[in-house]
Structures are given as C-alpha cells and as structure tokens.
Amino acid sequence: MSRVVQAGLAALGRFNDAHPWSHNDAYAALVLHHARRVRAAGGTGALDVGCGTGNLVRRLAGVFTEVTGIEPDAATAEQARRATADLANVRILAEPFDGSHQDRYDLITFVAVLHHLPLHATLEQVRELLRPGGRLIVVGISREARADLPWSIASTILNPLVGVIKHPGRSSSTPTHMTAPIAAATESFEEIARTAERVLPGARLSRGLFWRYTMSWTRPG
C-alpha cells in the first residue's frame, strides 16, 4: 500500500471519528419491520442478545408486551438498565447467552453480536428457544473475504456521508451506545451461511452495507 493511500485512509479515519455513528442503526428499520410482523402474528415476547446499552430493547418494547435484553458485560448491562428503567415490560440480564437460558420467545435478535459467540452451538440454542412460528433476526459481522470487496468499497464511500448527515457537528468522544465491548469476526460470510443451512434449514442470508450481513429464519410450526 502506497504512502499516499495510507495517508488518505488515515485522514478518512480521523474524519469518521469526528462524525461517529453506529452502523447497526442502518438496520434498525429492518429489525423493527420483522418485529412488527411477528407481533401481528400473535407474538408477545422478544429477546435481544448482547443488548449493549439498550437502544434496540427500547424500540422492541414499543412492539412487544415483554422484552428481555441479555448483556454479559456488567457495566454495559447497568447502562441498559438505566436507559430502560421507565419501561415496565423490559428486563435486562447481566449474563452470557449460554445453555442455562431456558425461556421461550417469539423473536430473537442478534445485532453485531453473533460473531462473539460459538456459531454452531448458538444457532442450535436459538432453534430451541424460539416458539413455533418464532423468528430469528441477525445483523451480523463476518470476516472479510474477496467476495465482500464491492460492498466494502461502497461502505467506505458512504460511511463519511452518512456520518455527516447523522452527526454534522464534530465529536470529541464516542457516543455511549457505541462503547460496548467489540471483537473481530473469524468466520466468513460463506462459512456462516453453510453453518446456518445445516442448523437452520431455509435460513435467508444476504450481504449488506457498512460491513454487515443479515440473516432471518422462522421456526416451523
């Protein structure tokens, strides 16, 4: 990589840092669209895995009668509790998403979280926790591969434009809802798709902008 390209990317990074926005927000409307469809079909309970500081939980609480957020990081879970303290239909659990969780739900969401967890085992658990007719929605992050390049280029171009629109003033700090712990993805989109097809036959996956992919699956019955 030439010095000119390196300098350009560094400048772009500084610009993006000054106009921060959560890439997950680009998919909030999609998640809520599925949530409303599940609610219209009679669903009452939703689970947001890795709920962070509670942004999505608040939105889901306007759709479902009961919403649970799971967040393994204790400090972040406490922020989520404070952010949803006024909502009687919300509970926040400071615990990992593992085999000990036994409740059943009509909607389960993972937003930039699934790559933190063992893929195969987590999808198997989701399959058991969804009620018949329940739906899984994933907004995920995958390890970048050659096939992702067109999406990455488009995202790199659009990212600063969206940042200026959403956050026109320069920021000196990261917004609170973007401070949850992060991890690098180790599985490619193709690897995730193959695993999903084995565990959740009929799951629908597609690449998206801003270094995300989406997955949806409805439990038969």
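An account of the accompanying structure is given in this report. (Residues numbered from 1 in each chain as written. Predicted model: local features only at pLDDT ≥ 70, side-chain atom pairs only at ≥ 80, totals over all residues. Heavy atoms only, no water.)

With that settled, consider the packing of aromatic side chains. The full count for this structure, using the stated rule, is two aromatic pairs. Between phenylalanine 97 and phenylalanine 110, the aromatic rings sit 5.6 Å apart at their centres with planes inclined by 80 degrees, giving edge-to-face as the arrangement. You can see phenylalanine 97 sitting in the loop between strand S3 (90-93) and strand S4 (105-111) and its partner phenylalanine 110 sitting in strand S4, a full 13 residues away along the chain. Considering the side-chain rings of phenylalanine 189 and tyrosine 213, the 6.0 Å spacing of their centres and the 75 degrees angle between planes classify their relative orientation as edge-to-face. Of this pair, phenylalanine 189 sits in helix H7 (residues 189-199) while tyrosine 213 sits in strand S7 (residues 212-218), placing them 24 residues apart in sequence. In terms of burial, phenylalanine 189 and tyrosine 213 fall into one category: buried. (Phe/Tyr/Trp six-rings, centres within 6.5 Å; stacked < 30°, edge-to-face > 60°. Helix = DSSP H or I, 4+ residues; strand = E, 2+ residues; numbered from the N terminus. Buried < 20%, exposed > 50% of the residue type's maximum accessible area, 1.4 Å probe, protein only.)

So, about the pairing of strand S6 (residues 204-208). Inspection of the sheet shows S6 paired to S7 by five bridges, in the antiparallel sense. Residue pairing for S7: arginine 207 is matched across the bridge by tyrosine 213. (Pairing = 2+ DSSP bridges.)

With respect to topology, seven strands assemble into an open sheet ordered S3-S2-S1-S4-S5-S7-S6, the strand pairing being mixed. Across the chains shown, the open sheet's two edge strands, defined by having one partner strand only, are S3 and S6. Ignoring strand direction, the axes of neighbouring strands in this sheet form an average angle of 15 degrees. Strand direction decides the pairing type here: S4 and strand S5 (residues 130-140), joined by six bridges, are parallel. Looking at S5, one finds that leucine 107 is bridged to arginine 135. Contacting S6 and S7, H7 runs over the sheet at an angle of about 165 degrees to S6. (Axes fitted to C-alpha atoms, helices over the stretch in contact; angles between N-to-C directions. Contact = heavy atoms within 4.5 Å.)

What follows covers the packing of helix H5 (residues 119-129) against H7. Where H5 contacts H7, the two axes come as close as 10 Å, and the packing angle between them is 35 degrees. H7 is crossed by H5, and the crossing has right-handed handedness. Along its contact with H5, which presents Leu119, His120, Leu123, Glu124 and Arg127, the element H7 presents Ile192, Thr195, Ala196 and Val199. Of the residues that constitute the contact of H5 with H7, the class distribution is five nonpolar, two polar and two charged. (Left-handed = near helix turned anticlockwise from the far one by under 90°. Nonpolar A, V, L, I, M, F, W, Y, C, P; charged D, E, K, R; others polar.)

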